[in-house]
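# Structural features, examined
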Amino acid sequence: MNTNPANNGEFGQKPAAQGPIVPKTASEALRPEAGTPPPKRSRASRSQIVVFMNFFFSLVMLVILAGGLALYFGRQAFNEPGPSANGDTFLVKEKTGVQDIADQLERRGLISDARIFRLGVRAYGNDSALKAGEYAIKPGASMHDIMDLLKSGKSVMYSLTIPEGLTVEQALERIAGQDALSGDMPKTEPPEGSLATDTLRFTRGATRQQMVDKLLADQKKLVEDVWQRRAPDLPLASMDDFVTLASIVEKETGRGDERSRVAAVFLNRLAKGMRLQSDPTIIYGLFGGKGKPADRPIYQSDIQKPTPYNTYLISGLPPTPIANPGRAALEAVANPSKTDDLYFVADGTGGHVFASTLEEHNQNVARYRAQQKKQADDAAKAGAAKGGADQTGNDNSGGADKPADDGAGGDDTGGGDAAQ
């Protein structure tokens, strides 16, 4: 039995719709049939808001991409070695902004781009963290390195050294001549002996007044501390006398192993009412704080010139110190050697020999004179002009010129004269 009435297909298939057959020409038969038309655009897709949002998001993506590239290359430039082949020092003044710092760095050839430096500093949150000071920028330092250096505040440090034995006037000349300091000198000169002998470290721009104030404060504290630890039986009436004698000890010897013994000689003489007879006091009385010219010896006549400081003529201590004493000289006077010495004379090697009696001292002086004469004779034989003639000193028992010192900051017969 046939279950497909139309008898024209597989079982269950719907027969194709029958219609009139329209004959086609050959060209029509070969022409392709039209495809399915696209769906019509919805009203939503034609909305101006949608168009704007598409444009906006596209623009944002472009900006993000450009920003990412700029950040990448900017970071590279911020961290890569800088253009300076030799390095340099760079001064940041107080209240200087990042923009000014960046511009100055670029003009000095220390960075390649001020804008990148400025943006990099701000990106790291250091816009207000850069400190004033003078900085040593290393060759090839990157912008990141420079930012870290300026943030650290590790400025270039300068030194001001006031050696032991300088007068206040000489110390002030050093301070005035330090170019890294700023400002004027004090209008009033501090008292003699009131400045510390020390090396101060400072950054460019520190003031000269600050240096003077620091030295005054340090010396005051030092003197007070040492005075509090002094031996109980010192024949010194006041802390001023203490500083004055320490200044004489400072000028008499530069050797640490004999300061306390030199101090003992002067203290013993004070206790006995003897004159100190110290050549440095003659020099200060004649030349004051300026100091004696290097080529000017002490003449025999100088010993007899009356000044308030000439301890060959005055009793006791001079009215003020004759220099700024250092810690070692102060300590030597505060706690002198336990000895009966009353005299000392140069030994020709930079030190001194000591004696407790005039007789022993005269013998020491004679040996010193013989040594100096031999040196002069040897020099003369060697053809040296004058040899050591003007440099060979005697005590004030002869008429020859006396030397300025014995090479150790003191005279050659200090602590008493052999002829008296």
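Please refer to the structure placed before this passage.
So, a few notes on the structure that sits alongside this text. (Residues numbered from 1 in each chain as written. Predicted model: local features only at pLDDT ≥ 70, side-chain atom pairs only at ≥ 80, totals over all residues. Heavy atoms only, no water.)

## With respect to the nonpolar core
The condition that has to hold: Definition used in this section: a nonpolar core is a set of buried Ala, Val, Leu, Ile, Met, Phe, Trp, Tyr and Cys residues joined via side-chain atoms within 4.5 Å. Categorising residues by exposure relies on relative accessible area from a 1.4 Å probe, with only protein chains included: less than 20% of the type maximum marks a residue as buried, more than 50% marks it as exposed, and the intermediate range marks it as partly exposed. Runs of E in the DSSP output that reach at least two residues are strands. Runs of H or I that reach at least four are helices, and both are numbered from the N terminus.
Core analysis: the largest hydrophobic core is formed by 30 residues, its most contacted members being Leu236, Phe242, Leu245, Phe266, Leu317, Leu330 and Val333. At the level of elements, helix H7 (208–228), helix H8 (239–252), helix H9 (259–272) and helix H12 (327–334) are the ones that each hand at least two residues to this core. Val121, Ile137, Ala141 and Leu150 belong to the second largest nonpolar core, which has 20 residues in total.

## A closer look at the pairing of strand E6 (residues 352–355)
Our working definition: When DSSP finds at least two bridges between two strands, those strands are taken to pair.
Relative to E6, strand E5 (residues 343–346) is paired through four bridges, and the arrangement is antiparallel. Within E6, the residue paired with tyrosine 343 across the bridge is alanine 355. Turn length for the E5-E6 hairpin, with the two strands adjacent in sequence and antiparallel, is five residues, and the turn residue glycine 348 shows positive phi of about 85 degrees.

## Here's the deal with helix H5 (residues 143–152)
Rules: Arc definition: it is the arc formed by the directions from the helix axis to the C-beta atoms.
Those residues of H5 lying buried are Met143, His144, Ile146, Met147 and Leu150. The buried side chains of H5 occupy one side of the element, clustering within an arc of 160 degrees when seen end-on. Directly after H5, the chain includes glycine 153, whose backbone phi takes a positive value near 75 degrees.

## Some points on the packing of aromatic side chains
Note the cut-off: Centre distance within 6.5 Å is the pairing criterion for rings of Phe, Tyr and Trp, where only the six-membered ring of Trp is used; planes under 30 degrees apart are then read as stacked, over 60 as edge-to-face, and the remainder as tilted.
By the definition in use, this model includes seven aromatic pairs. Both rings, one in tyrosine 158 and one in phenylalanine 202, keep their centres 6.0 Å apart while their planes meet at 25 degrees; by these two values the pair is stacked. With tyrosine 158 in strand E3 (residues 157–161) and phenylalanine 202 in strand E4 (residues 199–203), this pair connects stretches of sequence that are 44 residues apart. Phenylalanine 202 gets classed as buried once you look at its relative accessible area, which sits at 3%. Ring geometry for phenylalanine 344 against phenylalanine 354: centres 5.7 Å apart, planes inclined by 45 degrees, an arrangement best described as tilted. One end of the pair, phenylalanine 344, is in strand E5; the other, phenylalanine 354, is in strand E6, with ten residues separating them in the sequence. This pair shows no difference in class: phenylalanine 344 is buried, exactly as phenylalanine 354 is. Pairwise contacts between aromatic rings join Phe78, Phe117 and Tyr124 into one cluster.

## Thoughts on the pattern of salt bridges
To keep it simple, the criterion reads: What makes a salt bridge here is a side-chain nitrogen of Lys or Arg within 4 Å of a carboxyl oxygen of Asp or Glu, nothing more.
Summed over all chains, the structure comprises 16 salt bridges. Salt-bridge contacts for lysine 290 lead to glutamate 169; the nearest nitrogen and oxygen are separated by 2.9 Å. Of the two residues, lysine 290 sits in the loop between helix H10 (279–287) and helix H11 (300–303) while glutamate 169 sits in helix H6 (residues 168–176), which places them 121 residues apart along the sequence. Note on lysine 290: relative accessible area 60%, which makes it exposed. Arginine 229 is the salt-bridge partner of glutamate 331, the closest N and O atoms lying 3.1 Å from each other. Of the two residues, glutamate 331 sits in helix H12 while arginine 229 sits in the loop between H7 and H8, which places them 102 residues apart along the sequence. You can call glutamate 331 partly exposed: its relative accessible area is 23%.

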